[in-house]
Number of protein chains: 2
Amino acid sequence: MAQQNNTIAVIGCGLIGQSWAALFAGYGFDVRAWDPAANWQAGFEASVAAALEQVRVLRRSAHAEGRIVTTDSLDDAVRGAFWIQENAPESVPLKIDLYARIEAGAEPGAILASSTSSLTWSELSRQLRHRDRFITAHPFNPPHLMPLVEVYAADASVRAKAEAFYNGLQRKTVMLSRDAVGHIANRLASALWREAVNIVDQGIADVSAVDAALVHGPGLRWSVVGAHMAYHLGGGAGGIEHYLEHLGPSQERRWASLGNPTLTPELCRRIVDGVMQEAAGRSVAQLQAERDAGLLRALAARPGDAS
Amino acid sequence: MAQQNNTIAVIGCGLIGQSWAALFAGYGFDVRAWDPAANWQAGFEASVAAALEQVRVLRRSAHAEGRIVTTDSLDDAVRGAFWIQENAPESVPLKIDLYARIEAGAEPGAILASSTSSLTWSELSRQLRHRDRFITAHPFNPPHLMPLVEVYAADASVRAKAEAFYNGLQRKTVMLSRDAVGHIANRLASALWREAVNIVDQGIADVSAVDAALVHGPGLRWSVVGAHMAYHLGGGAGGIEHYLEHLGPSQERRWASLGNPTLTPELCRRIVDGVMQEAAGRSVAQLQAERDAGLLRALAARPGDAS
């Protein structure tokens, strides 16, 4: 029997699934979590507990939390769930096969949302019985801290439902007009990284200098205003129109001068060495903890990103 | 007589010069400001006063501040200054001509630092008598709030002096290994904006969706960790080395799929319309004030960016 209930299925419980589970539970939803790996539960539970603690810090005051149940049965996980968040590996055949199994057990009316970062709605929805209830909903890692969720939904009412759902989790839901590889954010990240790699390749600056320039320059500014708006504000009183008229041609020349590096073994070695130098002996786990602490501080300083 | 004193000359007092003047005075330096425009002083003084108030907010406790004197004589401005920060329009002949006049009046030993965003040390230093004491020191706008200063200096001792000088103003000084158009930050910004424009051009998302995705996704993350480091943390325990081995080829394919738009009149119109929609009736001045407030909040949340 289809009914709007309080249960979300989290399908695939790696880094992204763990983080979603913590977010969902932190906002009062019951979670049924499934993963095909052997003995995945212990690691999952520890990671969720740590992430949930961060969600509590961000929300400041106490809220009712949902229960998280793990299961080794996919049918058990999706039964009774009104929302199914899928976080399986980035393989079209694997996901298509998984979706057939999910559709067999899902409630009528349940939304199936894929966290895919690199695959598209068109590729993934091909063999679905209910394409209209399938969406891509790509979070930015880690989802329990990063506000962005990028959504593509073909059906207008499902689109509205998705926007309301993720906004209700205090996410910033951004809607795509059509599906595209890398959605918006990873396309932007990839474009920037290409030039970041080129700057190292060309010997203009080393890895840690590039990262520092980003963190203390454009990254900081883009955490406050977007790229288009930044040029509006850089155009003086005439704004973006003035900017495009006067500096559009010089931007096109700048674009033409940007690099298109090849990740040769030598260049990869320089990047790895540069990152190791920047890490200065800190492990990945330590650096992640520092990143999370920095994100928590940045989010706490934003009006309206947590409640 | 050359002596290390407390006076900085600010040459060119538009948006960037005003902001530098406030920063220098806020950190205790006396400022002598010069601009060739007619009746520039009143607007300059009002802008500096507003920016200085923001510097005070960031520094939290009271500090001794320098005096700011305006002058219509370039000679007066540079006489006695140990540091000369030049913020003239982005024209090689104009700056070369200006430098000849500056060198004629400057103290022996004074450093001449250009805020140029788009010209290079090599182009600008050609006709200088003291190339070794000339550097490019590009701030990210607005300089009194944004920590980044990108420096290129050919001379090792001047390089060390510049790093100490800007770090002393609580800036994050990033050193270039060689000079390049757009230094680091504007190359990265330009690369990202090219894809942001392409996403609008391809109809993947509209201007405000692209900006929102950036602000709540990669922008926020890059305000905490750089692009190279972000892939180190996205690579799991194996870090950047694992990432490059396993996902390097897919990044290269992603790079090949990025766009290379042309700023046609139609596309410019869509960008302008999109920015107007995002601005939702707010003037450039209002939006700048909101940006500054957001930057102040973000900076206050960072450890060690202000003191």
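Everything numeric in this text was worked out from a predicted model, so none of it was measured.

(A) Representation of the overall build of chain A within the structure. From N to C terminus, chain A includes 13 helices and 8 strands. The globule rule puts the C-alpha radius of gyration for 307 residues at 19 Å, and the 21 Å found for chain A is close to it. Counted over contacts in chain A with a minimum sequence separation of 6, partners at least 24 positions apart contribute 68%.

(B) Representation of the domain arrangement of chain A within the structure. Residue and element names in this part refer to chain A. Taken domain by domain, chain A holds domain 1 (7-175) and domain 2 (186-300). Averaged C-alpha coordinates put domain 1 and domain 2 at centres separated by 30 Å. Contact residues are listed per partner, giving 5 residues for domain 1 and 6 residues for domain 2. Here the side of domain 1 that touches domain 2 is composed, by residue class, of 3 nonpolar, 2 polar and no charged.

(C) Just the pairing of strand 3 (residues 68-71) of chain B, in detail. Residues and elements named next belong to chain B. By the alternation rule, side chains of strand 3 split into I68 and T70, which are all buried, and V69 and T71, of which none is buried. Pairing analysis gives 4 bridges linking strand 2 (residues 30-34) to strand 3, with the strands arranged parallel. From the neighbouring strand, A33 faces strand 3, where its bridge partner is T70. Note that the unit made of strand 2, helix 2 (residues 41-59) and strand 3 has a crossover that is right-handed.

(D) Focus on the relation of the copies chain B and chain A. Each copy of the sequence occupies a distinct position, and chain B is placed on chain A by a rotation of 180° and an axial shift of 0.0 Å, giving an RMSD of 0.0 Å. Viewed as a symmetry operation, the transformation between the two copies matches a two-fold axis. Mapped onto chain A, 100% of the interface residues of chain B again fall at the interface, so both copies present the same surface.

(E) Inspection of unusual backbone geometry at higher detail. Residues and elements named next belong to chain A. In this structure, P142 follows N141 across a cis peptide bond, with omega equal to -5°. In this structure, P142 sits in the loop between strand 6 (134-139) and strand 7 (148-153). The phi dihedral of R60 falls on the positive side, at around 70°, and the residue is not glycine. Within the element layout of this structure, R60 appears in the loop between helix 2 (41-59) and strand 3 (68-71).

(F) Structural context of the packing of helix 10 (residues 227-234) of chain A against helix 12 (residues 265-279) of chain B. Closest axis-to-axis distance for the helix 10 of chain A/helix 12 of chain B pair is 10 Å, and the angle between their directions is 90°. Relative to helix 12 of chain B, the element helix 10 of chain A lies roughly perpendicular. In this structure, helix 10 of chain A contributes H228(A), M229(A) and H232(A) to the contact, and helix 12 of chain B contributes I271(B), G274(B), V275(B), E278(B) and A279(B). Split by residue class, the contact of helix 10 of chain A with helix 12 of chain B holds 4 nonpolar, 3 polar and 1 charged.

(G) Examining the sheet that holds strand 8 (residues 172-175) of chain B more closely. Residues and elements named next belong to chain B. Taken in spatial order, the 8 strands of this open sheet run 3-2-1-4-5-6-7-8, and their pairing is mixed. Sheet topology places strand 3 and strand 8 at the edges, where each strand pairs with a single neighbour. Taken pair by pair, the neighbouring strands of this sheet meet at an average axis angle of 25°, ignoring direction. The sheet contacts of helix 4 (residues 92-105) involve strand 1 (7-11), strand 4 (83-86) and strand 5 (111-114), and relative to strand 5 the element is tilted by about 160°.

(H) Quick peek at the confidence of the model for chain A. Overall, the predicted model of chain A reaches an average pLDDT of 94, with 97% of residues at or above 70. Both scores are given for the predicted complex: the pTM is 0.95, the ipTM 0.96.

(I) Structural context of the interface of chain B and chain A. At the junction of the two partners, chain B supplies 88 residues and chain A supplies 88 residues. Per-element accounting of the side of chain B that touches chain A gives the leading share, 12 residues, to helix 7 (residues 185-201) of chain B. When the residues that make up the side of chain B that touches chain A are grouped by side-chain class, the tally is 52 nonpolar, 21 polar and 15 charged.

(J) Looking closely at the sheet that holds strand 1 (residues 7-11) of chain A. Residue and element names in this part refer to chain A. With mixed pairing, 8 strands are arranged side by side in an open sheet as 3-2-1-4-5-6-7-8. With one partner strand each, in any of the chains shown, strand 3 and strand 8 (172-175) form the two edges of the open sheet. Between one strand and the next, the sheet's axes are offset by a mean angle of 25°, whatever the strand orientation. Direction of pairing for strand 1 relative to strand 4 (residues 83-86): parallel, over a ladder of 4 bridges. Bridge assignment links I11 to a residue of strand 4, and that residue is E86. In this fold helix 4 (residues 92-105) packs onto strand 1, strand 4 and strand 5 (111-114), with an angle of close to 160° to the strand it touches most, strand 5.

(K) Focus on helix 11 (residues 239-257) of chain B. For helix 11 of chain B, which comprises 19 residues, the first-to-last C-alpha distance of 25 Å matches the rise-based estimate of 27 Å (1.5 Å per residue) to within 8%. Where helix 11 of chain B bends most, the angle comes to about 60°, and this point is L247(B), followed within four residues by the proline P249(B). Listed in full, the buried residues belonging to helix 11 of chain B are G239(B), I240(B), Y243(B), L244(B) and R254(B). Elements in contact with the buried residues of helix 11 of chain B: helix 7 (185-201), helix 12 (265-279) and helix 13 (284-300) of chain A together with helix 10 (227-234) of chain B.

(L) Spotlight on the packing of helix 12 of chain A against helix 11 of chain B. Remark: helix 12 of chain A packs on helix 11 of chain B, axes separated minimally by 9 Å, with the N-to-C direction vectors making an angle of 150°. By the criterion of interaxial angle, the relationship of helix 12 of chain A to helix 11 of chain B is roughly antiparallel. Helix 12 of chain A and helix 11 of chain B meet at a crossing whose hand is right-handed. Contacts between helix 12 of chain A and helix 11 of chain B pair C268(A), I271(A), V272(A) and V275(A) from the former with I240(B), E241(B), L244(B) and G248(B) from the latter. Grouping the amino acids of the contact of helix 12 of chain A with helix 11 of chain B by side-chain chemistry returns 6 nonpolar, 1 polar and 1 charged.

(M) Focus on the environment of F24(B). All names here are of chain B. Among the structural elements, F24 can be located in helix 1 (residues 15-26). For the pair F24 and T7, spaced 17 residues apart in sequence, the C-alpha to C-alpha distance is 9.3 Å. With near-sequence residues (within four places) excluded, F24 lies in contact with I8, F29, V31 and G66.

(N) Fine view of helix 4 of chain B. Residues and elements named next belong to chain B. Compared with an ideal rise of 1.5 Å per residue, which puts 14 residues at 20 Å, helix 4 spans 20 Å between its outermost C-alpha atoms and is within 8% of the ideal. Buried within helix 4 are the following residues: K95, L98, Y99 and I102. Along the axis of helix 4, the buried residues cluster in a sector spanning 110°; they form a single face. Opposite the buried face of helix 4, by more than 90 degrees, sit the exposed residues P93, A100 and A104. Lining the buried residues of helix 4 we find strand 1, helix 3 (74-78), strand 4, strand 5 and helix 5 (121-125).

What counts, and at which threshold
- Residues numbered from 1 in each chain as written.
- Chains lettered and ligands numbered in written order.
- Predicted model: local features only at pLDDT ≥ 70, side-chain atom pairs only at ≥ 80, totals over all residues.
- Helix = DSSP H or I, 4+ residues; strand = E, 2+ residues; numbered from the N terminus.
- Rg over C-alpha atoms; globule rule 2.2 N^0.38 Å.
- Contact = placed C-beta atoms within 7 Å.
- Domains from an automatic or database assignment.
- Nonpolar A, V, L, I, M, F, W, Y, C, P; charged D, E, K, R; others polar.
- Buried ≥ 20, exposed ≤ 12 C-beta atoms within 10 Å, placed from the backbone.
- Pairing = 2+ DSSP bridges.
- Right-handed = clockwise from strand over helix to strand, strands pointing away.
- Least-squares fit on C-alpha atoms with pLDDT ≥ 70 in both.
- Axes fitted to C-alpha atoms, helices over the stretch in contact; angles between N-to-C directions.
- Parallel < 35°, antiparallel > 145°, perpendicular 65-115°, else oblique.
- pLDDT = per-residue confidence, 0-100.
- Expected span 1.5 Å × (residues − 1).
- Bend = angle between axes of the 7 residues up to and from the residue.
- Left-handed = near helix turned anticlockwise from the far one by under 90°.
- Arc of directions from axis to C-beta.

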